[in-house]
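Structural characterization, general
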Amino acid sequence: MIYTITPNPAIDRIVYLEGDLTPEKNNIIREKYVDLGGKPTHVSAILEQLGGTPNKATGFSGELNKAELVSIFDKYHMNHEFIDIPDQRTRESIIVINSSGGSYMITERGLKVSDNDKEKMYSYIKENIRPDDIAVVGKPAQGFSVEDFRYLIRLLKEQNAYVACDVAEEYLHVAIEEKIDFVKPNKHEINDLFPGDEPIHQKFNRICEKVPNAVCSLGSEGALYKVENRFYQAVPPEVNVQSDTGAGDAFVAGYIYGVANGFDISDRVRWGILCSASKVQHYSSCQINKDDFEFIENNLKIHEVI
Ligand code: TA6
């Protein structure tokens, strides 16, 4: 079973403008969408769209607007079991997209969890997650210290689960230190971890020494990965981009689909690219269409990085 653990989910309010966002002007909305946010929730939503891969979405949710969050889960037919935080709301992310391209993401800090709330999550993990399950963990909510996050990772490893993290900053550093099974930093996050002007694949290699199946996401330039001491870059074809919000999360979903189906790292990366290159062609945060896959697959380019 795959468990996506989103300690701080979001409800995305995605706004497409008639023009480009301009200060001191009434910026007219052309279209608007509501979708999931907070990364691991996207993995569950996309696994449901792929079909055939049982998964459960869990984490914390605000009691006050739980009905709206559940209505979006239901749109994706997601199997979910969240721990409610009384008297709080699941945060909102506002994503504003210019008609000429480019977007702005404005996100609330979100849930504040107590020690009692954290204990409920730890108990949930101990009672439900079994050896060989896959756990995909997102950025902690307020009230989760870095060391609480380290404890959560270690708890999942004690359950002998496959642990994947879609996190950044100090949480990414902990995930790498704890040698989890999968992380997907982007180029900027790697440069933050390892400042300096050495080539990105050499910096990336320092992560691979602790997390062998790590992937470096490169946006529209695809993904960098390592197989038997050689580095490869998988590059998707150019597609008609509606919104790149959630593209990295979609990559994680495709990669995890590959892990669950026993694919090797090259095929896991391929599935990650299929899902992320499909996602950007759609308006909301975690929508894909399998009809997009044939063109992407037929035009995917893979080359060795020297
Ligand atoms: O990666 C896309 C996304 O999950 C959006 O859906 C939006 O919810 C935002 O990122 C949340 O980012 P955060 O890092 O705060 O969890």
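Above: the structure in question.
Residues numbered from 1 in each chain as written. Predicted model: local features only at pLDDT ≥ 70, side-chain atom pairs only at ≥ 80, totals over all residues. Heavy atoms only, no water.

**What about helix α2 (residues 66-75)?**
Here is the rule we go by: A 1.4 Å probe rolled over the protein chains alone gives each residue an accessible area, and that area as a share of the maximum for its type sets the label: buried under 20%, exposed over 50%, partly exposed in between. Strands here are runs of E lasting at least two residues and helices are runs of H or I lasting at least four, both read from the DSSP assignment and numbered beginning at the N terminus. The arc under discussion is defined with respect to the helix axis, by the directions toward the C-beta atoms. Residue contacts follow a heavy-atom distance rule, with two residues in contact if any of their heavy atoms lie within 4.5 Å.
Those residues of α2 lying buried are Lys66, Leu69, Val70, Ile72 and Phe73. All buried residues of α2 fall inside an arc of 155° around its axis, so they share one side. Where α2 is buried, its residues touch β2 (10-17), β3 (29-37), α1 (40-50), β4 (55-62) and β5 (80-85). The positive-phi residue at the C-terminal boundary of α2 is His77, with phi of around 55°.

**Observations regarding the side chain of Ser276**
The residue Ser276 is located in helix α9 (residues 265-279) in this model. The exposure class assigned to Ser276 is buried, which follows from its relative accessible area of 13%.

**Re the sheet that holds strand β7 (residues 103-107)**
Under the convention used in this document: A strand pair is defined by DSSP finding two or more bridges across the two strands. Note on method: axes are straight lines fitted to C-alpha atoms, helices fitted across the in-contact stretch only, with angles between N-to-C directions ranging 0 to 180 degrees.
Read from one edge to the other, the open sheet built from 4 strands follows the order β3-β2-β6-β7, with strand pairing classed as mixed. Both outer strands of the open sheet, β3 and β7, are each paired with one neighbouring strand and no more. On average, adjacent strands in this sheet sit at an angle of 15° to one another, irrespective of strand direction. Across 5 bridges, the pairing between strand β6 (residues 91-97) and β7 is antiparallel. Bridge pairing in β7 links Ser93 to Thr107.

**Topic: the pairing of strand β12 (residues 223-227)**
With 4 of its 5 residues buried, β12 lies for the most part within the structure. Sheet topology note: the strand β11 (residues 215-217)/β12 ladder contains 3 bridges and is antiparallel. Looking at the pairing, Cys216 lines up with Leu224 of β12. Between the antiparallel neighbours β11 and β12 lie 5 residues, among them Gly219 with a positive phi of about 60°. Note that β12 and strand β13 (residues 230-235) share 5 bridges and pair antiparallel. Bridging from a neighbouring strand, Ala223 pairs with Ala234 of β13. Between β12 and β13, which pair antiparallel and follow one another directly, the connecting turn spans 2 residues, one of which, Glu228, has a positive phi of 45°.

**So, the sheet that holds strand β14 (residues 301-305)**
Spatially, the 4 strands line up as an open sheet ordered β11-β12-β13-β14, and their pairing is antiparallel. Both edges of this open sheet fall to β11 and β14, since each of them pairs with a single strand only. Pairwise comparison of adjacent strand axes, ignoring direction, gives a mean angle of 25° for this sheet. Relative to the sheet, α9 contacts β11, β12 and β13, its axis offset from that of β12 by approximately 170°.

**Notes on the packing of aromatic side chains**
The following threshold applies: We call Phe, Tyr and Trp rings a pair once their centres come within 6.5 Å, taking the six-membered ring for Trp, and we label the pair stacked below 30 degrees between planes, edge-to-face above 60, and tilted otherwise.
Tallying each qualifying case throughout the model produces 16 aromatic pairs. Between Tyr16 and Tyr283, the aromatic rings sit 5.0 Å apart at their centres with planes inclined by 85°, giving edge-to-face as the arrangement. Here Tyr283 lies in the loop between α9 and α10 (293-298) and Tyr16 lies in strand β2, a separation of 267 residues in the sequence. What makes Tyr16 buried here is its relative accessible area of 1%. Where Trp271 meets Phe293, the ring centres are 5.8 Å apart and the plane angle is 90°; that geometry is what we call edge-to-face. Of the two residues, Trp271 sits in helix α9 while Phe293 sits in helix α10, which places them 22 residues apart along the sequence.

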